[in-house]
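Listed below, chain by chain, are the residues.
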Amino acid sequence: MLKLDILVLSVHPDDAELGCSGTVLKHIAMGNKVGFVDLTRGELGTRGSAEIREQEATASAKILGLAVRENLELPDGFFENSKEYQLKVIAAIRKYQPAIIITNAYHDRHPDHGRANELVEASAFLAGLRKIETYDDQGELQEAWRPQHVLHFIQDNYIRPDILIDITDYWDKKIESIYAFGSQFYNPSWEGEPQTYISSPEFINVVAARASEFGKSIQVKYAEGFTSRKILGVDNLFNLK
Ligand SMILES: [Zn+2]
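Given the structure is predicted, the values throughout are model-derived calculations rather than measurements.

Q: Which residues make up the coordination of the zinc ion, and what are the values?
A: When four donors bind a metal tetrahedrally, each ideal donor-metal-donor angle is 109.5 degrees, and when six bind octahedrally, the ideal angles are 90 or 180 degrees. The protein atoms donating to the zinc ion are His12 (ND1), Asp15 (OD) and His113 (NE2), with metal-donor distances spanning 2.1 to 2.2 Å. Counting along the primary sequence, the residues that act as donors to the zinc ion give the motif H-x2-D-x97-H. Side by side, His12 and Asp15 carry an identical accessibility label, which is buried.

Q: I'd like to hear about unusual backbone geometry, residue by residue, with values.
A: Non-glycine residue Glu73 carries a positive phi angle of around 55 degrees. Counting through the fold element by element, Glu73 comes out in strand β3 (residues 68–74). With phi around 60 degrees, Gln219 is a residue other than glycine that occupies positive phi space. Tracing the chain through its elements places Gln219 in the loop between α6 (201–217) and β7 (223–228).

Q: If you had to explain the nonpolar core to someone new, which residues and values would you point to?
A: Val8, Cys20 and Phe36 are the most contacted members of the largest nonpolar core, which totals 30 residues. Counting residues per element, the ones that place at least two in this core are β1 (6–10), α1 (15–29), β2 (34–40), α2 (50–64), β5 (149–153), α5 (171–179) and α6. The dominant element in this core, judged by the number of residues it contributes, is α1, at five residues. Apart from residues lying up to four places away in sequence, Val8 is in contact with Ala16, Cys20, Val24, Val34, Gly35, Phe36, Val37, Ile102 and Phe153. Counting 23 residues, the second-largest nonpolar core is a separate cluster that includes Val37, Leu39, Tyr85 and Ile93.

Q: Could you give me a rundown of the packing of aromatic side chains, with the residues and numbers involved?
A: The full count for this structure, using the stated rule, is two aromatic pairs. Ring centres 6.1 Å apart and planes at 50 degrees place the aromatic pair Tyr158 and Phe214 in the tilted group. Taken together, the positions of Tyr158 in the loop between β5 and β6 (163–166) and Phe214 in helix α6 put the pair 56 residues apart, joining distant regions of the chain. Classification of Phe214 as buried rests on a relative accessible area of 4%. Plain terms: the ring middles of Trp171 and Tyr222 are 4.0 Å apart, the flat faces sit at 15 degrees to each other, and that makes the pair stacked. Within this pair, whereas Trp171 is found in helix α5, its partner Tyr222 is found in the loop between α6 and β7, the two being separated by 51 residues in sequence. Tyr222 carries the same exposure label as Trp171, and that label is buried. When the ring centre of Phe79 is taken as reference, the NZ or CZ atom of Arg115 above it lies at 4.4 Å. Residue placement shows Arg146 over the ring face of Phe125; its charged tip is 4.0 Å from the ring centre.

Q: Outline α2, listing residues and values.
A: Compared with an ideal rise of 1.5 Å per residue, which puts 15 residues at 21 Å, α2 spans 21 Å between its outermost C-alpha atoms and is within 8% of the ideal. Along α2, the positions that sit buried rather than exposed are Ala50, Arg53, Glu56, Ala57, Ser60, Ala61 and Leu64. Buried residues of α2, seen end-on, are gathered within an arc of 145 degrees and therefore sit on one face of the element. Of the exposed residues in α2, those oriented more than 90 degrees away from the buried face are Gln55 and Lys62. Close packing links the buried residues of α2 with α1, β2, β3 and α5.

Q: Account for helix α3 (residues 83–96), with residues named and values stated.
A: Taking 1.5 Å of rise per residue, the 14 residues of α3 would be expected to cover 20 Å, and the 20 Å separating its terminal C-alpha atoms lies within 8% of that figure. Buried residues of α3: Tyr85, Gln86, Val89, Ile90, Ala91, Ala92, Ile93, Arg94 and Tyr96, and no others. Buried residues belonging to α3 abut β1, β2, β3, β4 (100–103) and α4 (111–126). The first or second residue beyond α3 is Gln97, which carries a positive phi of 45 degrees.

Q: Give a detailed account of the pairing of β5, specifying residues and quantitative values.
A: Of all the five residues making up β5, four are buried; the element is thus mostly covered by neighbouring parts of the structure. Sheet analysis places β4 next to β5, joined by four bridges and oriented parallel. Bridging from a neighbouring strand, Ile101 pairs with Val150 of β5. Of the crossover connections in this fold, the one passing from β4 over α4 to the parallel β5 is right-handed. As judged from the three bridges shared by β5 and β7, these two strands associate in the antiparallel manner. For His152, the partnering residue across the bridge sits in β7 and is Thr227.

About the cut-offs
The residue numbers shown here count from 1 along each chain, following its written sequence. In keeping with the predicted nature of the model, local features appear solely for residues at pLDDT of at least 70, side-chain atom pairs appear and are counted solely at 80 or more, and the whole-chain, interface and lining totals rest on all residues. Side-chain numbers here rest on the full set of heavy atoms in the structure, without hydrogens or water. Shown as donors are all N, O and S atoms within 2.8 Å of a metal ion, widened to 3.2 Å for Na, K and Ca; because water is not in the atom set, sites may appear incomplete. Whether a residue is buried, partly exposed or exposed follows from its accessible area with a 1.4 Å probe, protein chains only, as a fraction of its type maximum: under 20%, in between, or over 50%, in that order. Going along the chain from the N terminus, every DSSP run of H or I of four or more residues is numbered as a helix, and every run of E of two or more is numbered as a strand. The criterion is simple. A nonpolar core is a set of buried Ala, Val, Leu, Ile, Met, Phe, Trp, Tyr and Cys residues joined through side-chain atoms within 4.5 Å. When checking whether two residues touch, look at their non-hydrogen atoms; a contact exists if any pair is within 4.5 Å. In this analysis, rings of Phe, Tyr and Trp, with Trp reduced to its six-membered ring, are considered paired at centre separations within 6.5 Å, and the interplanar angle assigns stacked below 30 degrees, edge-to-face beyond 60, and tilted for intermediate values. Two limits define a charge over a ring: the Lys NZ or Arg CZ must be within 6 Å of the ring centre, and within 35 degrees of the ring normal. Here the expected length of a helix is defined as 1.5 Å per residue gap, with one fewer gap than residues. This arc is taken over the directions from the axis of the helix to the C-beta atoms. Strand pairing is assigned whenever DSSP detects at least two bridges linking the two strands. A crossover counts as right-handed when, viewed with the strands pointing away from the observer, the path leading from the first strand over the helix to the second turns clockwise.

Note that every value here comes from positions in space, so none of it alone points to a role or purpose.
Okay, here's the thing in C-alpha cells:
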C-alpha cells in the first residue's frame, strides 16, 4: 500500500498546480510523499479535451515528483456533495491514508471549486467512521481513516489566508508545472483557438501578483496561502514567521 503524507484532492487537473504546487514541491524536497487525486478530467473546459488534459496532468506530475496521480472521473460541472460521490472520495482517502489533505478554495468564481471543497471536507470526516464501508481495488474492506488537517488553497477569488507558506525556492518549478497544461494557459501555438479567462498572457501575472503579495506579508518573495475550517496551532511562538 502506498501511504501518502499529503493528498491533494482538487476538482480540475491544473487547480492544484495553480493553488499549491509550490508547497507540494517544498514538502517533496523535505522527503514527504505527496500524491494528487483529481476529481474530474476537466472535460467541460473550453480548450483542449479530457485526453489532452490527461497527458498534461501526467507531464506535470513528473515535473512535481508526485508519488501518484489518479483521476476519480466524476462528472465535471455536475458532481454533487452527495453520498454517491462521497463514497468515491472516502475510498481514495482511505487508500492513501494521508496526514494532510489539501483541496480547492471554499468559495470561488468557478462553482465547482466551492462544491469540491464541501465534498472533500465531508468525505474527509466521513472517512473516519468505520461503519461506512468502502472497498479497495481488490475488493477488500478498507480501514477507516481521518486526516489530521484539511487545508484549502486560494484560487481566483481573494480569500484572506489563515497560513502562508514560503515557496520562493520552488517558484520556477511551480510555473513550469502550470505551463505543462499547454491547452489551458497562454500558449502562442494555440492562437486562433477560443480564449478563456485563464488563457491570456495576463493570467499568469495575476498568479504571480497574488503569490508576491502573500510573500510580502511574511518578508519572502513568493508564498502560497491556505485556509482551514479548524483553528490551527503552532508548537511555539518562534515557529511563526
Ligand atoms: Zn478549476
